[in-house]
Amino acid sequence: MPPTPEEHPNKAAFLLRVRSALGRTDPIVHMPDHPSLKSNAVRQQEKVRTIVARNEARRSSALDRLARTAAAASWNVRRAGDAEEAASIVAEIAQQSGVKNLVRSAEDVFKRVNIDAALRSVGVSPAILASGRSRSRGALRDMAFRADMGVTGVSYAIAETASCAVTPRKGVARLASLAPPRLVLLIEPEQVLETLDDFFAITRLNRMQARGRTINYFNFISGPSRTADIEQTLTIGVHGPGEVHMVILG
Amino acid sequence: MAEVKSAEFKKASGRALRDEKLQHSLEHVMEHFVGARASVIENDFGDENWEAMRTRAAAIKQSTLEHLDYYLDMVDRSVRRNGGHVYFADDAAQANAIVLDIAKRNGVKTVIKSKSMVSEEMGINHILEREGIEPVETDLGEYIIQLAGETPFHIIAPAMHKTRQEVSALFQEWLKTAPTQDIKRLCVYARDALREKFAAADMGISGANFVVAETGTVCLVTNEGNGRMTTSAPRIHVVLAGMEKIVPAVEDLALFLRLLPRSATGQRITSYNTFVGGPRAPSDEDGPEEFHLVLVDNGRLNLLRDEVMREALRCIRCGACLNHCPVYRKIGGHAYGWVYSGPIGAIVTPPMTNMKVARDLPYASTLCGTCKDVCPVKIDIPRLLLHLRHKVAEGALGERSTTWMERLFVGQWHGAMRNRKALEGKANLGRLLTRPFARGGKVRKLPFAPMVSGWTASRDFPAPAPRSFARLWREELAHDNAHPNGTEQG
Ligand code: SF4
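The rules behind each value
- Residue positions are given per chain, counted from 1 along the sequence in the order it is written.
- The naming scheme follows written order: chains are lettered A onward, ligands numbered 1 onward.
- Reporting in this predicted model follows two pLDDT cut-offs: at least 70 for local features of residues, and 80 or more for side-chain atom pairs to be given and counted; totals over whole chains, interfaces and linings ignore these cut-offs and use all residues.
- Water and hydrogen atoms were dropped before computing side-chain values, which therefore reflect all heavy atoms in the structure.
- Numbered from the N terminus, helices here are DSSP runs of H or I no shorter than four residues, and strands are runs of E no shorter than two.
- Burial classification: accessible surface area is computed with a 1.4 Å probe over protein chains only, and a residue below 20% of its type maximum counts as buried, one above 50% as exposed, and the rest as partly exposed.
- Only heavy atoms matter for contacts: two residues are in contact if any of them lie within 4.5 Å across the pair.
- Throughout, nonpolar core names a set of buried Ala, Val, Leu, Ile, Met, Phe, Trp, Tyr and Cys residues whose side chains join them through atoms within 4.5 Å.
- Whether a residue is near a molecule or strand depends on its heavy atoms: if one lies within 4 Å, it is near.
- Note on definitions: the grid is 1 Å and covers protein atoms alone; a cavity is a set of points where a 1.4 Å probe fits but cannot get out; a pocket is an open set with protein on both sides within 12 Å along at least five of seven lines; lining residues have an atom within 4 Å of a point.
- A molecule is counted as occupying a cavity or pocket when more than half of its atoms fall within 2 Å of that pocket's grid points.
- Classification used: nonpolar for Ala, Val, Leu, Ile, Met, Phe, Trp, Tyr, Cys and Pro, charged for Asp, Glu, Lys and Arg, polar for all others including Gly.
- The term salt bridge refers to a side-chain nitrogen of Lys or Arg lying within 4 Å of a carboxyl oxygen of Asp or Glu.
- An automatic or database domain assignment supplies the residue ranges for each domain.
- Centre distance within 6.5 Å is the pairing criterion for rings of Phe, Tyr and Trp, where only the six-membered ring of Trp is used; planes under 30 degrees apart are then read as stacked, over 60 as edge-to-face, and the remainder as tilted.
- Geometrically, a lysine NZ or arginine CZ counts as sitting over a ring once it is within 6 Å of the ring centre and also within 35 degrees of the ring normal.
- pLDDT expresses, on a scale from 0 to 100, how confident the predictor is about each individual residue.
- A strand pair is defined by DSSP finding two or more bridges across the two strands.
- Between N-to-C directions, angles span 0 to 180 degrees; the directions come from axes that are lines fitted to C-alpha atoms, helices contributing only their stretch in contact.
- Grid points are joined across faces, edges and corners, and a volume is the space filled by probe spheres set on the points.
- When two parts are put together, the accessible area they lose, computed with a 1.4 Å probe and summed over both, is reported as buried area.
- If an angle is under 35 degrees, it is roughly parallel; if it is over 145, roughly antiparallel; if it lies from 65 to 115, roughly perpendicular; otherwise it is oblique.
- For a crossing to be left-handed, the near helix must be turned anticlockwise from the far one by less than a right angle; the clockwise case is right-handed.
- Each patch is built from residues that are more than 30% exposed by relative accessible area and take part in no salt bridge. Like charges join if they lie within 9 Å; nonpolar side chains (Val, Leu, Ile, Met, Phe, Trp, Tyr) join within 5 Å.
- Residue burial considers only the protein chains on display, and all accessible areas are found by Shrake-Rupley using a 1.4 Å probe.

**Regarding unusual backbone geometry**
Backbone geometry places Gln-232 of chain A, a non-glycine residue, at a positive phi of 55°. Summarising the element assignment, Gln-232 of chain A is placed in the loop between strand E10 (226-227) and strand E11 (235-236). Positioned with a positive phi, Leu-367 of chain B is a non-glycine residue whose angle comes to about 60°. Structurally, Leu-367 of chain B is set in the loop between helix H16 (342-352) and helix H17 (370-374). For Leu-367 of chain B, a relative accessible area of 31% gives the class partly exposed.

**Topic: the environment of Cys-219 of chain B**
Residue and element names in this part refer to chain B. Structurally, the position occupied by Cys-219 is in strand E6 (residues 217-222). With relative accessibility at 0%, the residue Cys-219 sits in the buried group. Distance from Cys-219 to Leu-253, taken between C-alpha atoms, is 8.5 Å for residues 34 residues apart in sequence. Excluding anything up to four places from it in sequence, Cys-219 contacts Ala-208, Asn-209, Phe-210, Leu-253, Leu-257, Asn-273, Thr-274 and Phe-275.

**Some details on the nonpolar core**
Ranked by internal contacts, the top residues of the largest apolar core, which has 121 residues, are Phe-200 and Phe-220 of chain A together with Leu-72, Leu-253, Leu-257, Leu-293 and Ile-347 of chain B. Apart from the residues within four sequence positions on either side, Leu-257 of chain B is in contact with Leu-196, Phe-200 and Phe-220 of chain A together with Phe-210, Cys-219, Val-221, Arg-268, Asn-273 and Phe-275 of chain B. With 24 residues, the next largest nonpolar core counts Val-99, Met-122, Ile-127 and Leu-128 of chain B among its residues.

**Here we look at the site of the ligand**
All names here are of chain B. Close to the ligand lie Cys-315, Ile-316, Arg-317, Cys-318, Gly-319, Cys-321, Ile-344, Cys-375, Pro-376, Val-377, Ile-379 and Ile-381, which account for all nearby residues. Using a 2 Å cut-off from the grid points, one finds that the ligand occupies the largest cavity. Along the lines of polarity and charge, the residues of the shell around the ligand split into 10 nonpolar, 1 polar and 1 charged.

**Comments concerning the pattern of salt bridges**
The full count for this structure, using the stated rule, is 55 salt bridges over all chains. In this structure, the salt-bridge partner of Asp-90 of chain B is Arg-17 of chain A, at a minimum N-O distance of 2.9 Å. Of this pair, Asp-90 of chain B sits in the loop between strand E1 (85-89) and helix H5 (92-105) while Arg-17 of chain A is found in helix H1 (residues 11-21), placing the two residues in two different chains. Here Lys-38 of chain A and Asp-33 of chain A are joined by a salt bridge, their closest N and O atoms 3.3 Å apart. For Asp-33 of chain A, a relative accessible area of 61% gives the class exposed. Look at the salt bridges and you will find they share partners, linking Glu-7 and Lys-11 of chain A together with Asp-73, Asp-76, Arg-77 and Arg-80 of chain B into a network.

**A few points about the domain arrangement of chain B**
Structurally, chain B comprises domain 1 (6-301) and domain 2 (404-480). One C-alpha centre belongs to domain 1 of chain B, the other to domain 2 of chain B; they are set 50 Å apart.

**Here's the deal with the packing of aromatic side chains**
All told, the structure shown has 19 aromatic pairs over all chains when counted by the stated rule. Between Phe-469 of chain B and Trp-473 of chain B, the aromatic rings sit 6.1 Å apart at their centres with planes inclined by 35°, giving tilted as the arrangement. In this pair, Phe-469 of chain B and Trp-473 of chain B are both assigned in helix H22 (residues 469-480), 4 residues apart and thus about one turn of the helix distant. Take Phe-469 of chain B: its relative accessible area is 57%, and that puts it in the exposed class. Of the residues examined, Trp-473 of chain B reaches a relative accessible area of 39% and is grouped as partly exposed. One aromatic cluster is present, built from ring pairs that chain together Tyr-156, Phe-199, Phe-200, Phe-218 and Phe-220 of chain A together with Phe-275 of chain B. Of note, Arg-104 of chain A hangs over the ring of Phe-110 of chain A, and the distance from its end group to the ring centre comes to 4.8 Å.

**A short note on the confidence of the model for chain B**
Low-pLDDT stretches of the model should not have their predicted coordinates read in fine detail. Residue and element names in this part refer to chain B. When pLDDT is averaged along chain B, the result is 89, and 92% of the positions lie at 70 or above. With pLDDT under 50 throughout, residues 486-490 is counted as low confidence; its partners more than four residues away or in other chains account for 1 contact. Per the prediction output, this complex has pTM 0.89; the corresponding ipTM is 0.94.

**Observations regarding the pairing of strand E9 (residues 217-221) of chain A**
The buried fraction of E9 of chain A amounts to 5 of the 5 residues, a majority that puts the element mostly inside the structure. Side-chain alternation along E9 of chain A places Tyr-217, Asn-219 and Ile-221 of chain A on one buried face and Phe-218 and Phe-220 of chain A on a second face that is also buried. As paired elements, strand E6 (residues 163-166) of chain A and E9 of chain A share 3 bridges and run antiparallel to each other. Residue Ala-165 of chain A lies in a different strand from E9 of chain A, and its bridge partner there is Phe-220 of chain A. Judged from the 5 bridges that link them, E9 of chain A and strand E9 (residues 272-276) of chain B form a sheet pairing that is antiparallel. Bridged to Ile-221 of chain A within E9 of chain B is Tyr-272 of chain B.

**Observations concerning the sheet that holds strand E10 (residues 290-296) of chain B**
All names here are of chain B. Spatial strand order, E1-E10-E7-E4-E2-E3: 6 strands in an open sheet with parallel pairing. Only two strands of the sheet have a single neighbouring strand rather than two, namely E1 and strand E3 (134-137). Looking at each pair of strands side by side, their axes are set apart by 20° on average, direction ignored. Here helix H10 (residues 183-200) sits on the sheet and contacts strand E2 (110-113) and E3; the angle it forms with E3, its principal contact strand, is near 130°.

**Thoughts on empty space enclosed by the protein**
Left-over empty space is what a probe sized like a water molecule reveals as it rolls over the atoms. Residues and elements named next belong to chain B. One pass over the structure, following the stated rule, counts 3 cavities of 30 Å³ or more. By volume, the largest cavity is sized at about 110 Å³. Lining the largest cavity we find 15 residues, and of these Cys-315, Cys-318, Cys-321, Cys-375 and Pro-376 sit closest to its centre. With 3 residues, the top contributor of residues to the lining of the largest cavity is helix H14 (residues 320-324). What lines the second largest cavity is a set of 16 residues, and nearest its centre among them are Cys-325, Pro-326, Pro-343, Ser-365 and Cys-371. If you list the elements that add at least two residues to the lining of the second largest cavity, you get H16 and H17. A breakdown of the residues in the lining of the second largest cavity according to their chemical character gives 10 nonpolar, 6 polar and no charged.

**Concerning the interface of chain B and chain A**
Taken residue by residue, the interface counts 98 residues in chain B and 79 residues in chain A. Between chain B and chain A the total buried area reaches about 7,700 Å² when both faces are included, carbon and sulfur atoms providing 55% of it. Between chain B and chain A we count 12 salt bridges in total. Two residues, Arg-204 of chain A and Glu-214 of chain B, come together in a salt bridge whose shortest N-O distance is 2.3 Å.

**A few points about the packing of helix H3 (residues 41-57) of chain A against helix H9 (residues 196-209) of chain A**
Packed helices, taken two at a time, are described by the angle between their axes plus the distance between the axes. Residue and element names in this part refer to chain A. Interhelical geometry of H3 versus H9 gives an angle of 140° and a closest axis separation of 9 Å. With respect to their mutual orientation, H3 and H9 come out oblique. Between H3 and H9 the crossing geometry is left-handed. Residues Ala-41, Gln-44, Gln-45, Lys-47, Val-48, Ile-51, Arg-54 and Asn-55 of H3 lie in contact with H9, whose contacting residues are Asp-198, Ala-201, Ile-202, Arg-204, Leu-205, Met-208 and Gln-209.

**Brief notes about the sheet that holds strand E11 (residues 438-439) of chain B**
By way of backbone hydrogen bonds, the strands of a sheet pair with one another, either parallel or antiparallel. Residues and elements named next belong to chain B. What the 3 strands build is an open sheet, ordered E11-E12-E13; its pairing is antiparallel. Edge positions in the sheet fall to E11 and strand E13 (461-462), since each has one partner strand and no second. Across 2 bridges, the pairing between strand E12 (residues 442-443) and E13 is antiparallel. Note on E13: the bridge partner recorded for Lys-442 is Pro-462.

**Considering a nonpolar patch on the surface**
On the surface, Phe-409, Val-410, Trp-413, Met-417 and Leu-423 of chain B cluster together into a nonpolar patch covering about 540 Å² of accessible area. As for its placement among the helices and strands, Leu-423 of chain B is situated in helix H20 (residues 420-434).

**Here's the deal with the pairing of E9 of chain B**
In regular strands, side chains alternate between the two faces of the sheet. Residue and element names in this part refer to chain B. Most of E9 is tucked away, with 5 of its 5 residues classed as buried. Covered by surrounding structure in E9 are Tyr-272, Thr-274 and Val-276 together with Asn-273 and Phe-275, the residues of both alternating faces. With 5 bridges joining them, E6 and E9 adopt antiparallel strand pairing. Within E9, the position partnered with Val-221 by the bridge is Asn-273.

Structure follows, in structure tokens:
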């Protein structure tokens, strides 16, 4: 844990001016009444337990919803009955797009879904993009930008908005999901949540429970990289992948 | 601070009105945003739920403002606990100095920027350039206007006034690319140019859509993926955030992420959301190595101090009020003369910059109230406009802002409205005086310069009817419409 940075010298005077603009002289000592700040770790845990139970009970309808919202947000959605089918779908996508250089992350999902074998059977040999594999950052970078397809897993997928939460866990190289023009995300049923509320409630609990080690960085990917900045004409694939595939197990 | 050109408002809006190409694209783009917003709200929530969400969001933001000192302290502690640095800047000059200091300390040569309205307020690009540091905007629209040397035309569509030909010409000049009419090609040119910058940059600067007090998380909303690049490709990430950007809890993001993209572009969510609250741990494979959050006042205290104006700080910069405003849709963004345009620009620019220079802005509205109806945080923009007009009229500028003729007219009006006979008498006089100038039911030009000719300089006035309603009623209608059972209904 790095040392806590120091307080900015202007902080006290700044807060004083804000306070006097609000017509108060003394600082507020009790936390203002705000429903989402109130619950402590115990109550938050209770809340998350309910959320998880609900999501388990309604898994199949959540998966259907995810498939619908994702299609509406320009994802190419494929559903796989089992791991084997998922692997062959990934190979099929690679083959159809004429992919030559494919990179994947080193996540656990690939222990269950053996895409490497499936890919090799169609003549594509995947490269694993993860630091700490005796490759320099520069080499990883070049690999990612040369690739025409990236395959990774997710932490969560939110059915409400087709948002895939990508957190920097071990083995997840950022560039695999950002640099190549084509992205395939593998989603396992337990990762699917119904709503944004579910996701942020879990995020909050994770923070409360983390002792000294918190995740400072994560992203949602909710569709292809897009812009309409020139003449309001929709164009995909600006800084991120323009072609996005979701392979849902279950 | 970026120069305030709002004193030119009347001249600049005249220019925009005469620009036919601009009129066409304004109508086209605004119509698109309005339609997309309406249908996504209708599909996903329906009016009643949407209304409830707006009410809740307004309450959360208002309460955060009422306790702003408390929440600023909370943000500061959370971010520092995460290992990030926090700064408090009173004005643009201080904020610029802070960023420059971080850049110089680290020997930064290239800075990549993801869209930040605060950085527009600060005019930081010029400051960096002067010190030999190259700032590069990475949002495509911002990149285009940076090459053109202009300011954003719209909060979320900064280059909407540029045609593909103009963009192609800019790219030919700056990127030495071949001319093309193909928009897709143009995007590829920009992407390739920017990829080099992403690789070379040592520092990324972004704005913040939301800053979560409880966790110190900054949330960025983008469609292109440039936010993600800016926050993780360079070693250092600097966030510039207006001090009002705070929401208390991480769970509040669910609500605000539902409201913002739908209000802005009619999307259910944008393609990318980046959440960053500090530097990455050495074992992480993603995120910046150094994280700095600069909280900026720059005139916001003037809004906070005024109890009526305070609610303007609830704004989440979605642009819906611009898209729906009959005035913005005609004159576009540049006429407002500073960073923020449309209804929100009209209420925040005078208090944040200079009441005198921006005195015309509160009058740039028909008070139709559409902005208030579409605002996701329910800012009562018409009321705030009237409040500012009141201040101007009451001499907030240190001068009397009304002419003796206006005062005479208002005095007469006051008398007439309190007395039926006087009102009818004055109305008849008006009828007599204007009738000679009416053509086809409109009065196009009144000659009594300068007293009233200003009224018809840029608009037609409906010609008064030959007989007043009161007379018509007395002479014909009262008899016909007598209530069948003889009772008068109020
Ligand atoms: S005032 Fe309301 S509608 Fe206008 S930009 Fe701000 S939040 Fe959006």
